[in-house]
Amino acid sequence: MTATCNIRNLSPITVNWSTVEALMAEAGIPNDAALARLGGIPQSTLHRARRGAASPSTLRALKHVFPTASLDDLALIPENA
């Protein structure tokens, strides 16, 4: 028996922006441009993450900037993931 998974029906993983914004304030990171620079990703990548699904590069960048934060704190993972 073969199991299949239709990823089109899965909700995307999103960034927990309330946590990220609190971490930014604690670290003195003033805006998304500075966050992107520190994370080594284009600002447009963060902009897309603010509008919807988080890419692996976004989550990797956030973990790089905030190494003590867990991925559970940085990302919102839907129940059907």
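Each chain has its residues counted from 1, following the order in which its sequence is written. Given that this is a predicted model, residues contribute local features only at a pLDDT of at least 70 and side-chain atom pairs are listed and counted only at 80 or more, while totals for whole chains, interfaces and linings are drawn from all residues. To obtain the side-chain values, all non-hydrogen atoms of the structure were included, while hydrogens and water were left out.

Draft legend 1. Spatial organisation of the overall build of the protein chain. Within the protein chain, the secondary structure is distributed over 5 helices and 2 strands. Secondary structure is summarised from DSSP: a helix means a run of H or I of at least four residues, a strand means a run of E of at least two, and numbering begins at the N terminus for each. Its helices and strands in sequence order give the protein chain the pattern β-α-α-α-α-α-β, from N to C terminus. Residue exposure (1.4 Å probe, protein chains only): buried if accessible area is under 20% of the type maximum, exposed if over 50%, otherwise partly exposed. Looking at the protein chain residue by residue over its 81 residues, the buried ones come to 32%. Two residues qualify as a contact provided that any one of their heavy atoms is within 4.5 Å of a heavy atom in the partner residue. Sequence separation of at least 24 residues holds for 65% of the intrachain contacts in the protein chain that already meet a minimum separation of 6.

Draft legend 2. Quick peek at the pattern of salt bridges. Any carboxyl oxygen of Asp or Glu that lies within 4 Å of a side-chain nitrogen of Lys or Arg is treated as forming a salt bridge with it. Following the criterion strictly, the structure yields 2 salt bridges and no others. Of the charged contacts, one joins Glu21 and Arg50 as a salt bridge, the two residues approaching to 2.9 Å between their closest N and O atoms. Of this pair, Glu21 sits in helix α1 (residues 17-27) while Arg50 sits in helix α3 (residues 43-51), and the two are 29 residues apart along the sequence. What makes Glu21 partly exposed here is its relative accessible area of 40%. Here Arg50 and Asp32 are joined by a salt bridge, their closest N and O atoms 2.7 Å apart. Separated by 18 residues along the polypeptide, Arg50 in helix α3 and Asp32 in helix α2 (residues 32-39) bring together distant segments of the chain. The class for Arg50 is partly exposed, based on a relative accessible area of 33%. Note on Asp32: relative accessible area 16%, which makes it buried. Put simply, Glu21, Asp32 and Arg50 are held in one network by salt bridges that share partners.

Draft legend 3. Looking closely at the packing of α2 against α3. Two numbers describe how α2 lies on α3: the axes approach to 8 Å, and their chain directions differ by 115 degrees. Considering how the two elements wind past one another, α2 and α3 form a crossing that is right-handed. Contact residues: α2 offers Asp32, Ala33, Leu35 and Ala36, while α3 offers Gln43, Leu46 and Arg50. Under the scheme applied here, ten amino acids are nonpolar (Ala, Val, Leu, Ile, Met, Phe, Trp, Tyr, Cys and Pro), four are charged (Asp, Glu, Lys and Arg), and all others, including Gly, are polar. Residue classes in the contact of α2 with α3 are distributed as 4 nonpolar, 1 polar and 2 charged. Lines fitted to the C-alpha atoms define the axes, with helices restricted to the stretch that makes contact. Angles between their N-to-C directions range from 0 to 180 degrees. Each crossing gets its hand from how the near helix is turned against the far one by less than a right angle, where anticlockwise is left-handed and clockwise is right-handed.

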